[in-house]
Amino acid sequence: MTKKLSRKHFLAGAAPIVVAAPIARLGWQQNAEAAAPSATHLGHDDHHAKMGHAAMVGEMAPSIDRSVAIDKLLVPPKALPHQPGRVRAHELVAVDKVIEVAKGVTFPAWTYNGTAPGPVIRATEDDVLRVKFTNRGSHPHTIHFHGIHPSSMDGVFEIVEPGGSFAYEFNARPYGMHLYHCHATPLKKHIHKGLYGAFIVDPKQPRKPAQELVMVMNGFDTDGDGENNFYAVNGPAFYYARYPIVVQRSQTVRIYLANLTEFDPINSFHLHGEFFRYYPTGSSDQFEYTDTVMLCQGQRGIIEIDFHNKGLFMFHAHQSEFAELGWMGYFNVVD
Amino acid sequence: MESGSIAATGFLGRFRLWSLIPLALLAAVVLAFAAGGDSLTGLVRDNPPAADQFDIRRVEFHPGKIEIRVTNPQPDDLTIGTVTVDDAIVSYELDGPATLGRLRSSTIVVPFEWVKDEPISVGVTSSTGIQTTTDITAAVETPTASARSFLGYGLIGLMVGVIPIALGLLWLPSLRRAAPQWLAAFMALTGGLLAFLALEALGEALDLQAALPGALGGPGLVLLGASISYLTLTFISHRFSAAEGSGGVVSGVALATLVAIGIGLHNFGEGLAIGSSFALGELALGAFLIVGFMVHNVTEGLGIATPIAEGGRVASLARLATLAIVAGAPAILGAWLGGFLTSDVLGVVFFAAAAGAALEVVVEVGRYVARRAPGGLTSGYVMGGFLTGVTVMYATGLLVG
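Residues numbered from 1 in each chain as written. Chains lettered and ligands numbered in written order. Predicted model: local features only at pLDDT ≥ 70, side-chain atom pairs only at ≥ 80, totals over all residues.

Attention now moves to the packing of helix H6 (residues 219–244) of chain B against helix H7 (residues 252–279) of chain B. Residue and element names in this part refer to chain B. H7 packs onto H6 with a crossing angle of 165° between their chain directions and a minimal axis gap of 10 Å. One finds that H6 runs roughly antiparallel with respect to H7. As for how H6 packs across H7, the hand of that crossing is right-handed. Residues Ser229, Leu233, Ile236, Ser237, Phe240 and Glu244 of H6 pack against Ala254, Leu258, Ile261, Gly262 and Leu265 of H7. Grouping the amino acids of the contact of H6 with H7 by side-chain chemistry returns 7 nonpolar, 3 polar and 1 charged. (Axes fitted to C-alpha atoms, helices over the stretch in contact; angles between N-to-C directions. Helix = DSSP H or I, 4+ residues; strand = E, 2+ residues; numbered from the N terminus. Parallel < 35°, antiparallel > 145°, perpendicular 65-115°, else oblique. Left-handed = near helix turned anticlockwise from the far one by under 90°. Contact = placed C-beta atoms within 7 Å. Nonpolar A, V, L, I, M, F, W, Y, C, P; charged D, E, K, R; others polar.)

Structure, rendered in structure tokens:
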């Protein structure tokens, strides 16, 4: 915009904001007083001061009400010992569901079993994984697992029409942290609508005991402009800021981390006040000792943390934008 | 006598009764349609979903907080979900309801340490996930209603409204000495500058209404405002001419008063625009711009002085001061309103009223010139004067551009 604004342009520029009679204002204030249970008392400056971003924890963090379904996503099923040929059966149902992705904001999602991400699927190496998939959604869907499996079980060619079903069956391998998602086209749409989840394959030699958590990084483009409006792990924005994850200092914390954020090529995980071991894809003993990891779309790994200190430790995407749009939470480390 | 009044009552009674029938039938049709729900439109297809975009009317910056006034411009209810500042979710409090009915508003109060003079964007996301954002070029503290800011806006209005017009009136003595054909030229010049103001105000009114939510706007609102002022001034001018017994032509101080009213309405709109733009940090109101408005508006004083000179009668100093206030003081009122309050509908109505009033006065001046001036409307002095009036307004307008 030029500095030299013409009289006409300046007046036109004032268009959206010109001016009122006291009557209009009076009417509005009366409306406000009459209508609003949510209207709060203004002018309490000390209260305002507490509401800044730095203090976004607990009740100050805007997130959805506590949800059993969301809480279930954080904790994976127990690992089972190695036993070749054992059948691990799961049932996944694709359903269209309006979910709350941030405090007061809903999104018409496509889900596996009603949540985005879907349920955690877990097997031990050499288990026979049997996943019965039923499509109760309004569009054709599939399940495409990462890992090693036959072409006919890849979830690319066997499109399941609404009302149809399909049984995926293959041996679980290799061990590591994997993922699954719908591979019907258009791919971007089917993934960002919510059809994805974590798929853990445990090694023959069990991992050492730990407090295990699953975090699937995701985003929601609620207004369809090809950019995410909200970011989070396991669904709703700021969920673990409002409800910090309680962990024991004496025990290793193991996080199965996957990035299923659509639209943005990368996402990241950063932990405050601590370092952790990061095993890319969780498929070997190789690790990096760091406090920040970066994951491309579909990339995943395993994080192991041995907390040195008690207290609240923030974790979030180190892309500040993602953090401030919901991808931020806390560990509450206790003895 | 008696039978006549009975007949009148009977006629009126029957007339009223018949007039109710279409209304009753309309109500019945409306009820039937409403009871049918979407079945009628459903014959064609489903209605598209609501846009769920908010109308962000005003963003104010105060120490440690941002206030965002939002309106629901659509028929369906709209609920405020999350609020973002610079694409980050922020905590907020509401002064008003979270769920807004049609054309209802709320003010969102966000505790926020904004950075002075830097660009900032605010966004409001509906409960359905639709985000509406607005970009502010530079965050500047919004003045609050205080004795100091009240005085400030008053002085701005005084500078751009009253003073230049008072200065323009000082041309009166020289105009009195002018030859009749030159006076006619200046009358035509007055007509030219008023025609310029009328067109300009009409343009502003149309631009403003286009920015209103659909339900409130519409060129019809502009027609309403313009008609009200045009007809009011026509009524006043007829009273003036009747009082003078001048056969329908208004002249002298009476015509000057009409000119002053037309100019006053225009200056009210100008004050509104200056006040609100300045308050919201959209306008750098430097000395140059104020001087520009003053030079631009001095011409308006000339427009008021000319009919007085034509009339030949002596006008008292008090009368002249009154005219200057009628024409200039609305700029002060406008600056106050624009600085502290918000209503786009009134902005449209006032600019439209200014257009109607200025147009009416152009008509009055035209009739006057046609009857009284040597050579009437076709004299070269008159044509030249009119074109000069338009040119002078355009040229001095460049000072504020």
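That covers the picture; the talk isn't over yet.
Over its 32 residues, helix H5 (residues 180–211) of chain B extends 47 Å from the first C-alpha to the last, a length consistent with the 46 Å expected when each residue adds 1.5 Å. Among the 32 residues that make up H5(B), 24 are buried, leaving the element largely enclosed by the rest of the structure. (Expected span 1.5 Å × (residues − 1). Buried ≥ 20, exposed ≤ 12 C-beta atoms within 10 Å, placed from the backbone.)

Time to look at the nonpolar core. In summary, soluble globular proteins display a tendency toward joint burial of nonpolar side chains. By size, the foremost hydrophobic cluster in this structure holds 107 residues, and its most contacted members are Ala198(A), Val216(A), Ala237(A), Trp327(A), Ile66(B), Ile108(B) and Val110(B). Broken down by element, the residue count for this core peaks at 6 residues, all from strand S9 (residues 211–220) of chain A. Non-local contacts of Ile108(B), meaning those with residues more than four positions away in its chain, are made with Ile68(B), Val70(B), Ile80(B), Val83(B), Tyr92(B), Leu94(B) and Val124(B). The next biggest cluster of nonpolar side chains, apart from the first, holds 91 residues, and it includes Ala226(B), Ala331(B), Ile332(B) and Val361(B). (Core = buried A, V, L, I, M, F, W, Y, C linked by C-beta atoms within 7 Å.)

Here the focus is the packing of helix H3 (residues 147–169) of chain B against H7(B). Residues and elements named next belong to chain B. For the pair H3 and H7, interaxial distance at closest approach is 11 Å and the crossing angle is 135°. Between H3 and H7, the angle is such that the two are oblique. Between H3 and H7 the crossing geometry is right-handed. Residues Tyr153, Ile156, Gly157, Val160 and Gly161 of H3 form the contact with H7, whose participating residues are Asn267, Glu270, Gly271, Ile274 and Gly275.

As a further point, take the pairing of strand S13 (residues 266–271) of chain A. Look at any regular strand and the pattern is simple: side chains alternate between the two faces of the sheet. Residue and element names in this part refer to chain A. Along S13, the buried face is formed by Asn267, Phe269 and Leu271; none of Ile266, Ser268 and His270, which line the opposite face, is buried. Here S13 pairs with strand S16 (residues 292–296) via 5 bridges, running antiparallel. Residue pairing for S16: Asn267 is matched across the bridge by Leu295. (Pairing = 2+ DSSP bridges.)

By definition, the strands of a sheet pair up through backbone hydrogen bonds, in either a parallel or an antiparallel sense. Residues and elements named next belong to chain A. The 4 strands are arranged S2-S1-S4-S6 in an open sheet whose pairing can be described as mixed. In this open sheet, the two edge strands, each paired with only one partner strand, are strand S2 (105–112) and strand S6 (165–171). Adjacent strand axes in the sheet meet at a mean angle of 25°, parallel and antiparallel pairs treated alike. Relative to S6, strand S4 (residues 128–135) runs antiparallel, the two sharing 7 bridges. The residue bridging Leu129 from the neighbouring strand is Phe170, located in S6.

With respect to the element layout, Gly224(A) can be found in the loop between S9 and strand S10 (230–233). Separated by 73 residues in sequence, Gly224(A) and Ser151(A) place their C-alpha atoms 33 Å apart.

Moving on, we get to H3(B). Residue and element names in this part refer to chain B. Over its 23 residues, H3 extends 31 Å from the first C-alpha to the last, a length consistent with the 33 Å expected when each residue adds 1.5 Å. Maximum bend of H3: about 40°, positioned at Leu158. Every buried residue of H3 is listed here: Tyr153, Ile156, Gly157, Met159, Val160, Gly161, Val162, Pro164, Ile165, Ala166, Gly168 and Leu169. (Bend = angle between axes of the 7 residues up to and from the residue.)

Across the junction of Ala116(A) and Pro117(A), the peptide omega takes the value 5°, indicating a cis bond. Of note, the bond from Thr185(A) into Pro186(A) is cis; its omega dihedral lies within 30 degrees of zero at 0°. Even without a glycine there, the phi angle at Asp87(B) is positive, about 60°. Counting through the fold element by element, Asp87(B) comes out in the loop between strand S3 (78–85) and strand S4 (88–90).

Next up on the list: the confidence of the model for chain A. Residues with a pLDDT of 70 or more make up 84% of chain A, whose mean pLDDT is 86. Contacts for the low-pLDDT stretch residues 1–53 of chain A, under 50 throughout, to residues beyond four places or in other chains number 86 contacts. (pLDDT = per-residue confidence, 0-100.)

Residues and elements named next belong to chain B. Across the sheet, which stays open at both edges, the 4 strands sit in the order S1-S2-S7-S5 with antiparallel pairing between neighbours. At either end of the open sheet lies a strand with only one pairing partner, and these are strand S1 (55–62) and strand S5 (93–95). Averaged over all pairs of adjacent strands, the angle between their axes in this sheet comes to 25°, without regard to strand direction. In terms of strand pairing, strand S2 (residues 65–71) meets strand S7 (residues 105–111) through 7 bridges, oriented antiparallel. By the bridge assignment for S7, Arg69 is matched with Thr107.

Residue and element names in this part refer to chain A. Along the polypeptide, Ala109 turns up in strand S2. The sequence separation of Ala109 and Gly329 amounts to 220 residues, and the corresponding C-alpha distance is 23 Å. Sequence-distant contacts of Ala109, defined by excluding residues within four places in its chain, comprise Lys97, Ile99, Ala116, Lys193 and Gly194.

Once that is clear, we can look at the pairing of strand S7 (residues 176–181) of chain A. Residues and elements named next belong to chain A. The buried fraction of S7 amounts to 6 of the 6 residues, a majority that puts the element mostly inside the structure. A two-sided burial pattern is seen for S7, the buried positions comprising Gly176, His178 and Tyr180 on one face and Met177, Leu179 and His181 on the other. In terms of strand pairing, strand S5 (residues 144–145) meets S7 through 2 bridges, oriented antiparallel. Paired with Phe145 across the bridge in S7 is Tyr180. Note that S7 and strand S8 (residues 196–202) share 6 bridges and pair antiparallel. What sits directly across from His181, in S8, is Tyr196.

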